[in-house]
Amino acid sequence: MNYILSVILITLFSVKFINAQTFVPNDQRIGDPNVNYVNPEFSPIGNYMVWIEVDTSNGLTGKVWQCGIDPNTGNLIPPDGKGYNPFNSNVYARPADWGVDNIGPYYVGATLLGQIKFVRPTSPTSAIVTNISLPAVNKRRVFYPSQLPGIDKRFVVYILNDSVNGFSSNTPQNSFYQLRLLDLDNPANDYLIEQQPSIYPLPIPMDVIVPRWIKGGHYLTFGYKDLNNNIQAKELNAYSPQSPPIPVTNDLVNKIDGNPVLNSMTNEQFFLSGINASDTAYFYKRTNFGQMFIQNSIVVPQSVNLANPALNQSHEPFLYNGKLYSAFQVNNDGGNFFNTTFNQPGEIWLTTIDSSQQIMWLLSQFDSTMNVSEPEPYVGNNKVWVFYSASKIEPNKPYLKRQFQLRRCDTPLNNISSVDELKQQSVNFKFYPNPTKNKINIDILGSTNDYEVIIYDILGRVIIKKSNENQLDISSVASGVYFLMVKTPNMIFKERFIKN
């Protein structure tokens, strides 16, 4: 398998040192406690947030709001987040992300009657709102605009339902769904990219890997089913919308909620995806558009509070001081996607993506009575916060009829200039030799005497799990590539090694 060979060929060192500051979660509720904050999205430039205040009596319709964010404190401007209401919408056609062009940030969504709106903020409490000249059709949903900073072009992708609006897993009335690319400057150019048939009650692939732009580029990814019935990713070039999209992942696992990201400083590209609805995610990597993404690392947060963690998902990558990071969620297993994602307690995590040593931090404070979802990073002035949604677990009430809190977590990136400043000698991790045949020696120095050591294979299966051990006997483990994880109370360190 090519992706396994690519992991083996990655350069490995015989001794690894990982040092990181001790990080204690600081997680607080913000905004008005009487307001229902659903699906906040942050502009990559300009310090804005857009969200929808869903009417809890119907769990569907609501007011779209924009506000500002103080880049020094992470506070909302105004404090309740109700800066400007450009239109009313529903949970399907609300603005799903921000667009960026040579002028600045904007967002796109549709009204309750299906009129597409283009909104350019001019302040936290004002904006220029433009109607896109297409007929109002209330079957369009999932609006994702392009992020092309410095370029005078604007696109948006959306899904057009056959009959009624709604996600494919809860609309048996629809027989098919179309992914479409709309040229916002020339709305007559409304291209059909791919049509997928309904497989109700299962979600269509485009609802498993939602269409997302590789931000900073004119390419986007979305989900499809391969010949083995696995959910994979395809890639579309928006500058050639009549050319068929091409597959960019190809291995033997189902991708869940995959999200691509580009490090504009190194041109490295990653695709971050949950795997098989488990607590594991794979990070794939490539260096050029049009290439296949090849498995590069495995992300298993080893939950601190959850008995049966599942659905490693909602990866939201961001670039900070030249390095890539991702915020993501893991919830206790509830048996299916909706029961897990919206009816179970969970955790919000932060991980490095492209650092030589992978480090993860638990950001949220655990509450067994609260569901957590939708982490969203915001980069301010030398600070990064991760916002997320939380709601009281009420199994007998539909999740969109509950009130959602808006919460904000500090991150260990605050008040530092680079990932290297995380290496402050408060926790030191060293293991050797690498490669090895019989034993692995582990040295933990610093502020913790409580840690767990875990070895797992490239499929994420745990092979050895020990507490507070400084030497592991691996003589009975088969030869191959493995991962060594050391988990302290609030952080995880991880490295690859080869067993001869």
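Nothing here was measured: the structure is a model prediction, and the numbers come from that model. (Residues numbered from 1 in each chain as written. Predicted model: local features only at pLDDT ≥ 70, side-chain atom pairs only at ≥ 80, totals over all residues. Heavy atoms only, no water.)

Colleague: Give me the lowdown on the overall build of the chain, citing residues and values where you can.
Modeller: Helix and strand counts for the chain come out as 3 helices and 37 strands. On C-alpha atoms alone, the chain measures out to a radius of gyration of 22 Å, which is about the 23 Å that the 2.2 N^0.38 rule sets for 500 residues. Once the C-alpha set of the chain is aligned to its principal axes, its extents read approximately 70 × 50 × 45 Å. By the burial criterion, 59% of the 500 residues in the chain qualify as buried. When the accessible surface of the chain is totalled, it reaches about 19000 Å², and 49% of it is carbon and sulfur. Counting 39 positive and 40 negative side-chain charges, the chain places the centres of these two groups 2 Å from one another. (Helix = DSSP H or I, 4+ residues; strand = E, 2+ residues; numbered from the N terminus. Rg over C-alpha atoms; globule rule 2.2 N^0.38 Å. Buried < 20%, exposed > 50% of the residue type's maximum accessible area, 1.4 Å probe, protein only. Areas by Shrake-Rupley, 256 points an atom, 1.4 Å probe, with all protein chains shown as cover. Lys, Arg positive; Asp, Glu negative; His and termini not counted. Charge placed at Lys NZ, Arg CZ, Asp CG, Glu CD.)

Colleague: Could you give an account of unusual backbone geometry, naming the residues involved and the relevant values?
Modeller: The step from Ile77 to Pro78 runs through a cis peptide bond, and the omega angle for that step is -5 degrees. In this fold, Pro78 is placed in the loop between strand E6 (76-77) and strand E7 (88-90). In this chain, Tyr200 is followed by Pro201 through a cis amide linkage whose omega measures 10 degrees. Structurally, Pro201 is set in the loop between strand E15 (190-197) and helix H2 (205-208). The phi dihedral of Leu311 is positive, around 50 degrees, even though this residue is not glycine.

Colleague: Explain the packing of aromatic side chains residue by residue, including any values.
Modeller: Under the defined criterion, the tally for this structure stands at 24 aromatic pairs. Ring geometry for Trp51 versus Trp65: centroids 6.5 Å apart, planes at 25 degrees, classification stacked. Note that Trp51 is positioned in strand E4 (residues 48-54) and Trp65 in strand E5 (residues 61-69), a separation of 14 residues in sequence. Judged by its relative accessible area of 2%, Trp51 is buried. With centroids separated by 4.7 Å and ring planes inclined at 25 degrees, the aromatic side chains of Tyr106 and Phe118 adopt a geometry described as stacked. Here the residue Tyr106 occupies a position in strand E9 (residues 105-110), and Phe118 occupies one in strand E10 (residues 116-123), the gap between them amounting to 12 residues. Among the aromatic side chains, those forming a connected cluster through ring pairs are Phe42, Tyr378, Trp385 and Phe387. (Phe/Tyr/Trp six-rings, centres within 6.5 Å; stacked < 30°, edge-to-face > 60°.)

Colleague: Tell me about the pairing of strand E21 (residues 269-275), and please be specific about residues and values.
Modeller: When you tally the buried positions in E21, you get 7 out of 7 residues, the bulk of the element. Bridging between strand E20 (residues 255-262) and E21 involves 6 bridges; their strand directions are antiparallel. Bridge assignment links Pro260 to a residue of E21, and that residue is Phe271. Count of turn residues in the E20/E21 antiparallel hairpin: 6 residues, of which Asn267 carries a positive phi of about 65 degrees. Here E21 pairs with strand E22 (residues 281-286) via 6 bridges, running antiparallel. Note that in E22 the partner of Ser273 across the bridge is Tyr282. (Pairing = 2+ DSSP bridges.)

Colleague: Give me the confidence of the model for the chain: which residues, what numbers.
Modeller: Summarising the model, the chain shows a mean pLDDT of 90, and 91% of its residues fall at 70 or more. Predicted confidence for residues 1-21 stays below pLDDT 50, and this span has 62 contacts to residues more than four positions away or in other chains. (pLDDT = per-residue confidence, 0-100. Contact = heavy atoms within 4.5 Å.)

Colleague: Quick one: what's the story with the sheet that holds strand E23 (residues 294-299), residue by residue and with numbers?
Modeller: Pairing between the strands of a sheet comes from backbone hydrogen bonds, and it takes one of two forms, parallel or antiparallel. The strand order E20-E21-E22-E23 describes an open sheet built from 4 strands, whose pairing is antiparallel. A single partner strand is all that each edge strand has here, and the edge strands are E20 and E23. The average undirected angle you get between the axes of adjacent strands in this sheet is 25 degrees. (Axes fitted to C-alpha atoms, helices over the stretch in contact; angles between N-to-C directions.)

Colleague: A description of the environment of Gly380 should follow, citing residues and the corresponding values.
Modeller: For Gly380, the location among the structural elements is in the loop between strand E28 (370-379) and strand E29 (384-392). Separated by 60 residues in sequence, Gly380 and Tyr320 place their C-alpha atoms 10.0 Å apart. With residues near it in sequence (within four places) discarded, Gly380 still touches Pro71 and Trp385.

Colleague: Help me get a handle on the environment of Val481, residues and values and all.
Modeller: Relative to the helices and strands, Val481 is located in strand E36 (residues 480-487). A residue is classified by how much of its surface remains accessible, and Val481, at 10% relative accessible area, is buried.

Colleague: So what's going on with the sheet that holds strand E18 (residues 231-237)? Residues and values would help.
Modeller: The strand order E16-E17-E18-E19 describes an open sheet built from 4 strands, whose pairing is antiparallel. In the strand order of this sheet, the two ends are held by strand E16 (212-213) and strand E19 (246-247), each with one partner. Bridge analysis of E16 against strand E17 (residues 219-225) gives 2 bridges, and the strand direction is antiparallel. Residue pairing in the sheet places Trp213 in a bridge with Leu220 of E17.

Colleague: Please provide a residue-by-residue account of the environment of Cys409, values included.
Modeller: Mapped onto the elements of the fold, Cys409 is located in strand E30 (residues 405-410). Sequence spacing of Cys409 and Arg29 is 380 residues, and the spatial spacing of their C-alpha atoms is 9.0 Å. In contact with Cys409, other than residues within four places in its own chain, are Asn26, Asp27, Leu363, Ser364, Val384, Trp385, Val386 and Tyr388.

Colleague: Pulling in residues and values, what's your account of the side chain of Gln66?
Modeller: Tracing the sequence through the fold places Gln66 in strand E5. A polar atom in the side chain of Gln66 sits 2.9 Å from the backbone oxygen of Ser123. (Polar contact = N/O pair within 3.5 Å; in protein donor to acceptor, adjacent residues only side chain to side chain.)

Colleague: Outline the pattern of salt bridges, listing residues and values.
Modeller: The tally for this structure, following the rule as stated, stands at 17 salt bridges. One salt bridge in this structure joins Arg286 and Glu235, with 2.2 Å as the shortest N-O distance. Highlighted residues: Arg286 in strand E22 and Glu235 in strand E18, separated in sequence by 51 residues. Considered together, Arg286 and Glu235 belong to a single accessibility category, that of buried residues. (Salt bridge = Lys/Arg side-chain N within 4 Å of Asp/Glu carboxyl O.)

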